[in-house]
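Next come the chains, spelled out residue by residue.
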Amino acid sequence: MVTAPFEWGTEAFTPEVTGDILQCTSQSGLQGQINLSDILGVLPGEDSSSSHTVLFLVKPEGHNHGDSIAAVGHLEKTVISCLPSSLTQFLVKVPEYLQHSEPVQVVVSVKSGTCQAQTIFQDLVEPLLTQLSVKYEVHETKSTQTITELCESRFLERARAGTPQTIVLLSGDGGVVNIVDYFYRHTQSVQTPPHIALIPCGTGNALACSIGSRTGPSSGLKSLIRGTPTPIPIFATKLSPGSQMIVDEGRQKVPLGDPNASHQTLYGSVTVSWGIHAALVADSDTTEYRKFGNERFKIAGMKLLHPPDGSAPHKFKGNVTYSERDDQTGEVSEKTFEGDEHMYLLASLVSRLEYNFVVSPKSEPLDGSMWFMGWGPMSGEEATRLVVLAYKGGLHVDDEAVTYAKFEKLRIDFKEDSEHWRRICVDGNIIAVEKDGWLELTKEPRQLLNVIKPH
Ligand SMILES: Nc1ncnc2c1ncn2[C@@H]1O[C@H](COP(=O)(O)OP(=O)(O)OP(=O)(O)O)[C@@H](O)[C@H]1O
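Residues numbered from 1 in each chain as written. Predicted model: local features only at pLDDT ≥ 70, side-chain atom pairs only at ≥ 80, totals over all residues.

In the annotation of an unreviewed UniProt entry, the chain is listed under the name DAGKc domain-containing protein and assigned to Penicillium angulare.

Listed below in structure tokens is the structure:
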């Protein structure tokens, strides 16, 4: 709403709220307007005067609607001489988790999404922390290993020692994956779980979208100043020996662990998939594709559903079994997913993989229940119809072609000859399972990390 050149200055404005607009008038007759949806918070004045400071987001011109990363904008503040009752909902005091003795650790993952994390930090996060007088330290990623190195050098040690810490993570799901993976592989317990505040800067931002944040960074800022630390539910994916992570845009493979061990385990907080979903994430994980933002998934997906040679989409061969718990009796029963050919199989701890892509509409934020949905071989057109329904609030799960179930444990025995079709996706990482390999997915009982959940 606010036109970019308006100078708010330091003088106090008389506020008046009309509809969803805060109208501010200065003594000298200057007038500015703030859309209520752009207000991040209102801070009481330091003295006992009735003046308050309104912190709000100014979006670039032409981006007045929505909350996309393309429209980063900047943080602005203005002083109002009193607090209209309709603004009391925005009152904030600096939360306890931003006032620990250790400075807040801000991690800026510079290659996330369309590489806007540094701008989002400079224009939004840093001014907000400064305004709140929060002590912080900034770490910009220098490589794919930076976040893991920070876990090793700082975060895990502090958590084990019982030192309260808050990590503000400007990344996509990848940053969370790095922290989850390091903690769950390296410790059985911590004295004080770190609190992670997500400022979504990635492509999908599944975890942020599924805990109630919208797609863009301003929703992350709102949760940062008025959220509740809540345990992040985690799954454990056991993989048959010899499974390897595919890295460097598909050019290299790295063993997941000791190849002589009976299995390898990967931990995650979002999703495990096989079939079209895993293939499209793998195919689109290149610098070239990343330029398209979250369109990259759609472009790669269309190629898989409509192969350029005109053939039918691939039929993924394997056996899928799962166990379901009866909510009333608590009894657990074993089920087999129909047929040994599949197209789409996705298990999830979250409802959304992108803000509008609702894979599991019955998942509640951070409730810890695991759902899977999937369907067998069909034409590219039919599969596109189901995906479109997922973009309409998750309507695909009501379609008779789709299996949608809450499960306790899921197992896949792969029967594919070609490694290309044995690629699975675990929270965005791509793993090639060995020929005749298997995967077993269960909930992880340890609770080592919290995320700041928006109110
Ligand atoms: N300085 C850097 N040099 C090289 N790679 C980096 C650097 N910083 C971050 N990366 C890598 O870039 C990727 C960014 O992943 P992230 O999940 O944050 O974003 P995304 O993939 O766009 O979003 P999402 O996972 O939500 O779809 C990670 O693999 C991370 O390790």
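1. Digging into the sheet that holds strand 14 (residues 252–255)
Strand order across the open sheet formed by 8 strands is 14-13-27-26-16-20-23-24, with antiparallel pairing between neighbours. Of all the strands in the sheet, just strand 14 and strand 24 (403–407) have a single pairing partner and so form its edges. In this sheet, adjacent strand axes meet at a mean angle of 25 degrees when their direction is disregarded. Here 4 bridges tie strand 26 (residues 423–426) to strand 27 (residues 429–432), and the two strands are oriented antiparallel to one another. Note that in strand 27 the partner of C425 across the bridge is I430. Its contacts with the sheet put helix 6 (residues 276–283) on strand 13 (244–247), strand 16 (271–275), strand 20 (344–348), strand 26 and strand 27, and the angle it makes with strand 26 is roughly 85 degrees. (Pairing = 2+ DSSP bridges. Helix = DSSP H or I, 4+ residues; strand = E, 2+ residues; numbered from the N terminus. Axes fitted to C-alpha atoms, helices over the stretch in contact; angles between N-to-C directions. Contact = placed C-beta atoms within 7 Å.)

2. Looking at the packing of helix 2 (residues 146–161) against helix 3 (residues 173–186)
For the pair helix 2 and helix 3, interaxial distance at closest approach is 9 Å and the crossing angle is 50 degrees. Here helix 2 lies oblique to helix 3, going by the angle between them. Note that helix 2 runs across helix 3; the crossing there is right-handed. Across the interface between the two elements, I147, T148, C151, E152, F155 and L156 from helix 2 touch G175, N178, I179, Y182, F183 and H186 from helix 3. A class-by-class count of the residues in the contact of helix 2 with helix 3 yields 7 nonpolar, 4 polar and 1 charged. (Parallel < 35°, antiparallel > 145°, perpendicular 65-115°, else oblique. Left-handed = near helix turned anticlockwise from the far one by under 90°. Nonpolar A, V, L, I, M, F, W, Y, C, P; charged D, E, K, R; others polar.)

3. Notes on the domain arrangement of the chain
Looking at the chain, the domain boundaries give domain 1 (13–90), domain 2 (96–232 + 449–454) and domain 3 (235–443). Spacing between the C-alpha centres of domain 1 and domain 2 amounts to 26 Å. Domain 1 puts 11 residues into the contact, and the matching count from domain 2 is 21 residues. At the level of elements, strand 4 (39–44), strand 5 (52–58) and strand 6 (74–80) are the ones that each hand at least two residues to the side of domain 1 that touches domain 2. Broken down by element, the side of domain 1 that touches domain 2 gets its largest block of residues, 3 residues, from strand 6. Tallied by class, residues from the side of domain 1 that touches domain 2 come to 6 nonpolar, 3 polar and 2 charged. (Domains from an automatic or database assignment.)

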